[in-house]
Amino acid sequence: MAQHHPLAEHPEIEIADAAAYPLRLPDRTANPVIHDQLSALFRDARPHPRFHTPAASFDMAQRDLFDGLNLAPASETAITTQPAGLTWRPLRGGPP
């Protein structure tokens, strides 16, 4: 998420809080495992998540995150690969 996103100030994020924002989800044909895992993780979340699937399967500029409107669920490995201006927070109740 963008470092200026309102949820970035929290050390952990509730799944329901994340679901209140559009969530970037990879196209199922491009990455079925990740698509299905993320869909399942947010299946019972309230509010119902609004998934956003970008037209390009990979955007090196990650414009949809820098604008602060979308979140992109990612594993903890994102900490070591995130560009300046983005930050990672764990989901409380998410998988280890």
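Our structure is the block above this text.
Bear in mind that the values here come from a model prediction, so they are computed numbers and not experimental data.

## Observations regarding the environment of Arg-28
Link 1 in the chain: Within the element layout of this structure, Arg-28 appears in the loop between strand S2 (22-24) and helix H2 (32-41).
Link 2 in the chain: Of the residues examined, Arg-28 reaches a relative accessible area of 44% and is grouped as partly exposed.
Link 3 in the chain: Each C-alpha atom, one on Arg-28 and one on Asp-17, is 24 Å from the other, the two residues being 11 residues apart in sequence.
Link 4 in the chain: Other than its neighbours up to four places away in sequence, Arg-28 contacts His-35 and Asp-36.
Link 5 in the chain: Here Asp-36 takes part through its side chain, which lies 2.6 Å from a polar atom of the side chain of Arg-28.

## Looking at the side chain of Thr-87
Link 1 in the chain: Counting through the fold element by element, Thr-87 comes out in the loop between helix H4 (78-81) and strand S4 (91-92).
Link 2 in the chain: Polar contacts involving the side chain of Thr-87 include one to the side chain of Arg-89, which spans 2.7 Å.
Link 3 in the chain: Those residues within four positions of Thr-87 in sequence are excluded, and the remaining contacts are Met-1, Ala-2, Gln-3, Ala-8 and Gln-82.

## Let's talk about the nonpolar core
Link 1 in the chain: With 11 residues, the main nonpolar core is built from Met-1, Leu-7, Ala-8, Ile-13, Ile-15, Ala-18, Ala-19, Leu-23, Phe-42, Ala-45 and Leu-71.
Link 2 in the chain: Element by element, the count of residues in this core is highest for helix H1 (residues 15-19), at three residues.

## Regarding unusual backbone geometry
Link 1 in the chain: That bond from Arg-46 to Pro-47 is cis: its omega, 5 degrees, falls within 30 degrees of zero.
Link 2 in the chain: Assignment of secondary structure puts Pro-47 in the loop between H2 and strand S3 (50-52).

## Structural notes on the packing of aromatic side chains
Link 1 in the chain: One pass over the structure, following the stated rule, counts one aromatic pair.
Link 2 in the chain: Taking the centre distance of 6.4 Å and the plane angle of 80 degrees together, the rings of Phe-42 and Phe-51 count as edge-to-face.
Link 3 in the chain: Look at Phe-42 and you get buried, because its relative accessible area is 1%.
Link 4 in the chain: The class for Phe-51 is partly exposed, based on a relative accessible area of 34%.

What counts, and at which threshold
Residues numbered from 1 in each chain as written. Predicted model: local features only at pLDDT ≥ 70, side-chain atom pairs only at ≥ 80, totals over all residues. Heavy atoms only, no water. Helix = DSSP H or I, 4+ residues; strand = E, 2+ residues; numbered from the N terminus. Buried < 20%, exposed > 50% of the residue type's maximum accessible area, 1.4 Å probe, protein only. Contact = heavy atoms within 4.5 Å. Polar contact = N/O pair within 3.5 Å; in protein donor to acceptor, adjacent residues only side chain to side chain. Core = buried A, V, L, I, M, F, W, Y, C linked by side-chain atoms within 4.5 Å. Phe/Tyr/Trp six-rings, centres within 6.5 Å; stacked < 30°, edge-to-face > 60°.

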